[in-house]
Amino acid sequence: MGPRVRIAATALAATASAALLATGAFDGSGATASAHEDRGETATGDGATPLFTFKFHVHRDSAGRPSGYFTAAGVGATGALIAPQGPVTCVEFDGNKVGFLYPLEDKTRPALLRDSGTAIMITAQDNGDGRLDSMGFLGPLPTSAFPGCKPNVTTMPVTSGNIDIH
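Residues numbered from 1 in each chain as written. Predicted model: local features only at pLDDT ≥ 70, side-chain atom pairs only at ≥ 80, totals over all residues. Heavy atoms only, no water.

Participant: Any chance you could explain the pattern of salt bridges here in plain terms?
Facilitator: All chains considered together, the criterion is met by 3 salt bridges. With its nearest N and O atoms 2.8 Å apart, the salt bridge here joins arginine 65 to aspartate 61. Since its relative accessible area comes to 53%, arginine 65 is described here as exposed. Owing to a relative accessible area of 11%, aspartate 61 belongs among the buried residues under this scheme. We note a salt bridge from aspartate 94 to lysine 150, for which the minimum N-O separation is 4.0 Å. Of this pair, aspartate 94 sits in strand S5 (residues 90-94) while lysine 150 sits in the loop between strand S8 (134-142) and strand S9 (156-157); the two residues are 56 residues apart in sequence, bridging distant segments of the chain. In this structure aspartate 94 comes out as partly exposed when scored by relative accessible area, which is 43%. Here lysine 150 falls in the exposed class, since its relative accessible area comes to 53%. (Salt bridge = Lys/Arg side-chain N within 4 Å of Asp/Glu carboxyl O. Buried < 20%, exposed > 50% of the residue type's maximum accessible area, 1.4 Å probe, protein only. Helix = DSSP H or I, 4+ residues; strand = E, 2+ residues; numbered from the N terminus.)

The structure is reproduced here in structure tokens:
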């Protein structure tokens, strides 16, 4: 390979590397990523209120598609009797609040709640560091009773744990 060919090959490699870095397709670690990586909005929570313990991770991608899962259990002895859970089917964000809807799955207790077409609407509020977060819920009700999942009121303090919305 002559000097001109080496110079041309080096210039081509440098141009290709610059193009990859400029589009975000190369992150410098040796891995490539999509130039249009979806960031969307995400909320996570893990903690307890005076009535129940909870854990959730919900996401709405930049195209508006919801994903995630919610689990809860009654506090103390009621935890063996009450444990709603299910996949998230609707997510809406409004500042430091998130509203989401989940239909009740077969693993939900008590069994009478496991009626197909029954859902619970959760609203979670991230009040920032050093302040108690809060939650609220509606249901269980027929899924058709919820016209959407816009965040609602949050009257229950999260007494332990954290809600993070970003």
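Participant: Honestly, the pairing of strand S1 (residues 41-48) in this entry has me stumped. Any pointers?
Facilitator: For a regular strand, side chains alternate in direction, first toward one face of the sheet and then toward the other. Relative to strand S2 (residues 52-60), S1 is paired through 8 bridges, and the arrangement is antiparallel. By the bridge assignment, threonine 44 is partnered in S2 with histidine 57. Taking the residues between adjacent antiparallel strands as the criterion, S1 and S2 are bridged by 3 residues. Looking at chain direction, S1 and strand S10 (residues 160-165) are connected through 6 bridges and run antiparallel. Each bridged residue has a counterpart across the sheet, and for glycine 47 the counterpart in S10 is glycine 161. (Pairing = 2+ DSSP bridges.)

Participant: How should I be thinking about the sheet that holds S5 in this particular structure?
Facilitator: Hydrogen bonding along the main chain pairs the strands of a sheet, whether they run parallel or antiparallel. Spatial ordering of the open sheet is given by S5-S6-S7-S8-S9, a layout of 5 strands whose pairing is antiparallel. One side of each edge strand has no neighbouring strand; the edge strands of this open sheet are S5 and S9. As judged from the 2 bridges shared by S8 and S9, these two strands associate in the antiparallel manner. Among the inter-strand pairings, methionine 135 is bridged to a residue of S9, identified as methionine 156.

Participant: I'm lost on the side chain of aspartate 61 in this one. Help?
Facilitator: Tracing the sequence through the fold places aspartate 61 in the loop between S2 and strand S3 (66-74). Engagement of the side chain of aspartate 61 in a polar contact is seen with the backbone nitrogen of alanine 63, the distance being 2.9 Å. (Polar contact = N/O pair within 3.5 Å; in protein donor to acceptor, adjacent residues only side chain to side chain.)

Participant: Got a minute to help me understand the sheet that holds strand S4 (residues 85-87) in this structure?
Facilitator: The 5 strands lie next to each other as S4-S3-S2-S1-S10, forming an open sheet whose pairing is antiparallel. Each end of this open sheet is capped by a strand with a single partner; those strands are S4 and S10. Geometrically, the sheet is characterised by an average inter-axis angle of 5 degrees between neighbouring strands, direction not taken into account. The sheet contact formed by S2 and S3 spans 9 bridges and is antiparallel. Directly across from arginine 60, in S3, lies its bridge partner proline 66. (Axes fitted to C-alpha atoms, helices over the stretch in contact; angles between N-to-C directions.)

Participant: Help me out: how do you make sense of the environment of leucine 132 in this one?
Facilitator: Relative to the assigned elements, leucine 132 resides in the loop between strand S7 (118-125) and S8. On the basis of relative accessibility, which here comes to 53%, the residue leucine 132 falls in the exposed class. Taking the C-alpha atoms as reference, leucine 132 lies 6.9 Å from threonine 159; in sequence the two are 27 residues apart. Beyond its immediate chain neighbours, meaning those up to four positions away, leucine 132 contacts Asn127, Pro157 and Val158. (Contact = heavy atoms within 4.5 Å.)

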